[in-house]
Number of protein chains: 2
Amino acid sequence: MLHAIVMAGGSGTRFWPASRAGLPKQLLPLAGEKSLLEDTVARLDGLVPPERTMIVTSARLLDAVRRQAPGVPEAGLVGEPCKRDTAPCIGLAALLVLRHDPDAMMAVMPSDHVIRPAAEFRRAIHEAAAMVAAAPGRLITFGVRPTYPAESFGYIQQGVPLAGGPTASQAHAVARFREKPPASVAAEYVAAGNYLWNAGIFVWRAATILAALDERQPECMAHLRRIAAAWDTPDREPVFAEEFAAIKGISIDYAVLEHATDVAVIEAPFGWDDLGGWSAVARQRGADEAGNTSVGRHLGIDSSGTIVHAADDHLVVTLGLTDILVVHTPDATLVATRAHEEAVRKVVAEIEKRGWKEYL
Amino acid sequence: MLHAIVMAGGSGTRFWPASRAGLPKQLLPLAGEKSLLEDTVARLDGLVPPERTMIVTSARLLDAVRRQAPGVPEAGLVGEPCKRDTAPCIGLAALLVLRHDPDAMMAVMPSDHVIRPAAEFRRAIHEAAAMVAAAPGRLITFGVRPTYPAESFGYIQQGVPLAGGPTASQAHAVARFREKPPASVAAEYVAAGNYLWNAGIFVWRAATILAALDERQPECMAHLRRIAAAWDTPDREPVFAEEFAAIKGISIDYAVLEHATDVAVIEAPFGWDDLGGWSAVARQRGADEAGNTSVGRHLGIDSSGTIVHAADDHLVVTLGLTDILVVHTPDATLVATRAHEEAVRKVVAEIEKRGWKEYL
């Protein structure tokens, strides 16, 4: 049976001040009316029932996640005591689903990407699951046709086409993975035509990924097995805290995928955006006639190319502005040129340095 | 005896959203820690006692004015039921002070200008009063040496020097008044060297200005005399409302000064700024090393020439901005290029058009 594992532990600074330590990107309604996590859970409707959906987040976000995913049973909510990247997250999820379903298949996905239309996503996951059912040892990743030489993504080189693959979605063996290349290399990849962005969406049997982790990350798995053993006992919390903290964080790509032999990549038949910043938000939301993208109450006069994100009923007026970003929240407002979108990290670093914790 | 008449009825839109219908410019701490009105009242300390100070404002601002000028007795607070420009305001004030002091001399001044240092202002008013004492029929205005060809000010052409004038402050007869000239004419005035900006500060005997108003504005004075007659009766409020509304608004310059024969202008020996917009605020407050002027909590990164005005503890971060204005208030925020400072009026007009009364 197919289980969905939604990875919702992300924390970032690119959407500050809209995103905060206690309200990261995935919990914000950046691309639409609902939060990215809410969209991710809704996208599973008809593919995986809530009782086979697991959301892995950080412990301090559990309450917020619970409120945004009321349909997911308590047993499906996992709050990591600390951040350890994707391999420990996926390993633990595999152990937990295997307790009750030895043949469990997993669809693993981030909670903070924009994927549309949902029906195409469901169809693609469904086809990937069928492919894994036919080749049980296979690890499937999803790749996205690159539209520009991004330096911030991982790339997957397509190898030979795989027989018996989905008809609509081309499946290939993976020739190799390449993490965040410099722009010149990324440009070569895009030009070559056989590289895809790694979308961070995976389909595999829980037993397969577990065996691979056992082989490549035995120490990590020893800790995870002790956590899983204590899961249904009163010791869950202290054991989880102690053992998880002792794990060395590593991504599933580095830990397993780059070393595994039977890895396939399916070119995503759905639209995908990792929503890396405010310009991506504007791209997803579209702009009005003047080229302005607004969330909340925005009055733009002689303004174009602005992105305004305002909380509550606060009125933001832009006058004579071009390509300016305004993010208003009840206690902090950011005004930046869109060209400085990436430098929002500097702002957060400066606020940390000044000890203004109330704004983090 | 010298009485101070502080004209505090102004309403404007240039400082929106910091200024609102119920909180106009003169009630805001734009140039320092205290509001412009508070500064104006404090500036009188040592020149005129509070019991001879009268603040004329609009009725709906009375409560706010009372809070900002707690030292001024209730009898010194006048709330006009509607706006009728400066001549009716000054005429009424003259009638009211004459009730108890037939020889009253008046120093009339706006409440929303920046005047520094206060001691120089007091000295100049004192000298002007001495000049009026020596020439009881004289009307004295203060002029400011122009620093650029402003189109938004009135100009006063200096005539012959007046004998017996103050030693430190040059006094001249007024050759003529000229309201808001076009830029080319203003440039000629500045180049000519004998034109001063009209600072809107006057010293004269109450009886003199009253006689002039009686001659030039008999209808207005008839209404004002009915108001003054009812002032100490239970009918004050309805009579004030009815009679004042019936007056045709006109400035004291148009009504009297342009026609009077014995008008002198004293070149102000104090610094003066009518604080016509945010750039004037920045000029008064000065800038930090990066050229940013901040009121409230502002973190500027890679920003220069910004003006940030934030209420409460709200944090405003500017990133990568040059010459941008950010005005934050609890319910509305304006972000504009400084070049669009004058166009803030357009914003307020648009908000009025949309019927968003809560932001006016």
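Note that the structure is a prediction, hence the values are computed from the model and not measured.

> Any chance you could explain the overall build of chain A here in plain terms?
The helix and strand inventory of chain A stands at 11 helices and 17 strands. For 360 residues, the compact-globule estimate of 2.2 N^0.38 gives 21 Å, and chain A sits close to it at 21 Å. With the C-alpha coordinates of chain A rotated into their principal frame, the extents come out at 60 × 50 × 35 Å. Residues counted as buried form 49% of the 360 residues belonging to chain A.

> What is the right way to read the sheet that holds strand S13 (residues 297–301) of chain A from this model?
Remark on secondary structure: sheet strands pair via backbone hydrogen bonds, oriented parallel or antiparallel. Spatially, the six strands line up as an open sheet ordered S13(A)-S15(A)-S17(B)-S16(B)-S14(B)-S12(B), and their pairing is mixed. Sheet topology places S13 of chain A together with strand S12 (293–295) of chain B at the edges, where each strand pairs with a single neighbour. Taking each pair of neighbouring strands and ignoring which way they run, the sheet shows an average axis angle of 5°. On the sheet, helix H10 (residues 278–285) of chain B packs against S12, strand S14 (307–310) and strand S16 (324–328) of chain B and is oriented at approximately 95° with respect to S14 of chain B.

> In this structure, what is going on with the relation of the copies chain B and chain A? I would like to understand it.
The operation relating the pair of chain copies consists of a rotation about an axis and a translation along that axis. Each copy superposes on the other: chain B lies on chain A with an RMSD of 0.1 Å after a rotation of 180° and an axial shift of 0.1 Å. Here the copies are linked by what is in effect a two-fold axis. The share of interface residues of chain B whose copies in chain A are also at the interface is 100%, consistent with both copies meeting through the same surface.

> What is the right way to look at the sheet that holds strand S15 (residues 315–319) of chain B in this model?
Reading across from one edge, S12(A)-S14(A)-S16(A)-S17(A)-S15(B)-S13(B) is the order of the six strands in this open sheet, with mixed pairing throughout. In the strand order of this sheet, the two ends are held by strand S12 (293–295) of chain A together with strand S13 (297–301) of chain B, each with one partner. Ignoring which end each strand starts from, the neighbouring axes of this sheet average 5° apart. Bridging between strand S14 (residues 307–310) of chain A and strand S16 (residues 324–328) of chain A involves four bridges; their strand directions are parallel. From the neighbouring strand, alanine 310 of chain A faces S16 of chain A, where its bridge partner is histidine 328 of chain A. Seen against the sheet, helix H10 (residues 278–285) of chain A touches S12, S14 and S16 of chain A and runs at an angle of roughly 95° to S14 of chain A. Of the strands in this sheet, strand S17 (332–337) of chain A together with S13 and S15 of chain B are in contact with helix H11 (residues 344–354) of chain A, which crosses S13 of chain B at around 130°.

> Mind showing me how you'd approach the interface of chain B and chain A here?
Much of the literature gives interface size as the accessible area that the parts lose upon coming together. Residue-level contacts link 29 residues of chain B with 29 residues of chain A. Of all the secondary-structure elements, those providing two or more residues to the side of chain B that touches chain A are S13, S15, S16, strand S17 (332–337) and helix H11 (344–354) of chain B. Per-element accounting of the side of chain B that touches chain A gives the leading share, six residues, to S17 of chain B. Taken together, the residues that form the side of chain B that touches chain A break down as 18 nonpolar, seven polar and four charged. Looking at chain direction, S17 of chain A and S15 of chain B are connected through five bridges and run parallel. Residue alanine 336 of chain A lies in a different strand from S15 of chain B, and its bridge partner there is leucine 319 of chain B.

> Which parts of the structure should I look at to understand the domain arrangement of chain A?
Residue and element names in this part refer to chain A. Examined at the domain level, chain A breaks down into domain 1 (2–273) and domain 2 (278–359). Contacts between the two partners involve nine residues from domain 1 and, on the opposite side, 15 residues from domain 2. When the residues that make up the side of domain 1 that touches domain 2 are grouped by side-chain class, the tally is six nonpolar, one polar and two charged.

> Just to check I follow, could you spell out unusual backbone geometry for this structure?
What you tend to see is this: most non-glycine residues have negative phi, and most peptide bonds are trans. Put simply, arginine 116 of chain A and proline 117 of chain A share a cis peptide bond, and its omega is -5°. Here the residue pair tryptophan 16 of chain B and proline 17 of chain B is connected by a cis peptide bond, since its omega of 5° sits within 30 degrees of zero. Relative to the elements of secondary structure, proline 17 of chain B occurs in the loop between strand S1 (2–8) and helix H1 (36–43). Backbone geometry places aspartate 302 of chain B, a non-glycine residue, at a positive phi of 50°. Relative to the elements of secondary structure, aspartate 302 of chain B occurs in the loop between S13 and S14. The exposure class assigned to aspartate 302 of chain B is partly exposed, which follows from the 16 C-beta atoms found within 10 Å.

> Could you clarify how one ought to interpret the packing of helix H3 (residues 86–100) of chain B against helix H7 (residues 218–230) of chain B in this entry?
Between two packed helices, what matters for the description is the angle formed by their axes and the separation of those axes. All names here are of chain B. One can describe the packing of H3 onto H7 by two numbers: an axis separation of 10 Å at closest approach and a directional angle of 45°. Here H7 runs oblique to H3, going by the angle between their axes. Note that H3 runs across H7; the crossing there is right-handed. Of the residues in H7, those in contact with Ala87, Pro88, Gly91, Leu92, Leu95 and Leu96 of H3 are Cys220, Met221, Leu224, Arg225, Ile227 and Ala228. Of the residues that constitute the contact of H3 with H7, the class distribution is 10 nonpolar, one polar and one charged.

> Even after reading the chapter, I still don't get the pairing of S1 of chain B, so can you show me in this structure?
The two faces of a sheet get side chains in turn, since along a regular strand they alternate between them. Residues and elements named next belong to chain B. A large share of S1 lies buried, amounting to seven of its seven residues. The two faces of S1 match: Leu2, Ala4, Val6 and Ala8 on one face and His3, Ile5 and Met7 on the other face are all buried. In this sheet, strand S4 (residues 105–110) lies alongside S1 in parallel orientation, the contact comprising six bridges. Among the inter-strand pairings, histidine 3 is bridged to a residue of S4, identified as methionine 106. The pairing of S1 with strand S2 (residues 53–58) spans five bridges and is parallel.

> Is there a simple way to explain helix H4 (residues 118–134) of chain A in this structure?
For an α-helix, the turn length of 3.6 residues means that residues three or four places apart are oriented alike. In this model H4 of chain A runs 24 Å from its N-terminal to its C-terminal C-alpha over 17 residues, within 8% of the 24 Å that 1.5 Å per residue would give. All buried positions along H4 of chain A are accounted for by Phe121, Ala124, Ile125, Glu127, Ala128, Ala129, Met131 and Val132 of chain A.

> So what exactly am I meant to see when it comes to the pairing of S17 of chain B here?
All names here are of chain B. For S17, a buried count of six out of six residues is recorded, marking the element as mostly surrounded by other parts of the structure. Residues of S17 alternate between two faces, with Ala332, Leu334 and Ala336 on one and Thr333, Val335 and Thr337 on the opposite face, all of them buried. Relative to S17, S16 runs antiparallel, the two sharing five bridges. By the bridge assignment, valine 326 is partnered in S17 with valine 335.

> I tried to follow helix H1 (residues 36–43) of chain A on my own but got confused; where do I start?
Residues and elements named next belong to chain A. Of all the eight residues making up H1, six are buried; the element is thus mostly covered by neighbouring parts of the structure. Regarding H1, the residues found buried are Leu36, Leu37, Asp39, Thr40, Val41 and Arg43. Along its buried surface, H1 packs onto strand S1 (2–8), strand S2 (53–58), helix H2 (62–68), strand S4 (105–110), strand S5 (114–116) and H4.

> Got a minute to help me understand the packing of H3 of chain B against helix H6 (residues 206–216) of chain B in this structure?
All names here are of chain B. Remark: H3 packs on H6, axes separated minimally by 9 Å, with the N-to-C direction vectors making an angle of 130°. On the basis of their axis angle, the class for H3 and H6 is oblique. Pair H3 / H6 crosses with left-handed handedness. Facing Ala87, Ile90, Gly91, Ala94, Leu95, Val97 and Leu98 of H3, the residues of H6 in contact are Ala206, Ala207, Ile209, Leu210 and Leu213.

> Would you explain the confidence of the model for chain A in this entry?
In low-pLDDT segments, the atomic positions of the prediction should not be examined closely. Mean pLDDT over chain A works out to 95, with 98% of the residues at or above the 70 mark. For this predicted complex, the interface confidence comes out at an ipTM of 0.89, alongside a pTM of 0.89.

Basis of the calculations
- Residues numbered from 1 in each chain as written.
- Chains lettered and ligands numbered in written order.
- Predicted model: local features only at pLDDT ≥ 70, side-chain atom pairs only at ≥ 80, totals over all residues.
- Helix = DSSP H or I, 4+ residues; strand = E, 2+ residues; numbered from the N terminus.
- Rg over C-alpha atoms; globule rule 2.2 N^0.38 Å.
- Buried ≥ 20, exposed ≤ 12 C-beta atoms within 10 Å, placed from the backbone.
- Pairing = 2+ DSSP bridges.
- Axes fitted to C-alpha atoms, helices over the stretch in contact; angles between N-to-C directions.
- Contact = placed C-beta atoms within 7 Å.
- Least-squares fit on C-alpha atoms with pLDDT ≥ 70 in both.
- Nonpolar A, V, L, I, M, F, W, Y, C, P; charged D, E, K, R; others polar.
- Domains from an automatic or database assignment.
- Parallel < 35°, antiparallel > 145°, perpendicular 65-115°, else oblique.
- Left-handed = near helix turned anticlockwise from the far one by under 90°.
- Expected span 1.5 Å × (residues − 1).
- pLDDT = per-residue confidence, 0-100.

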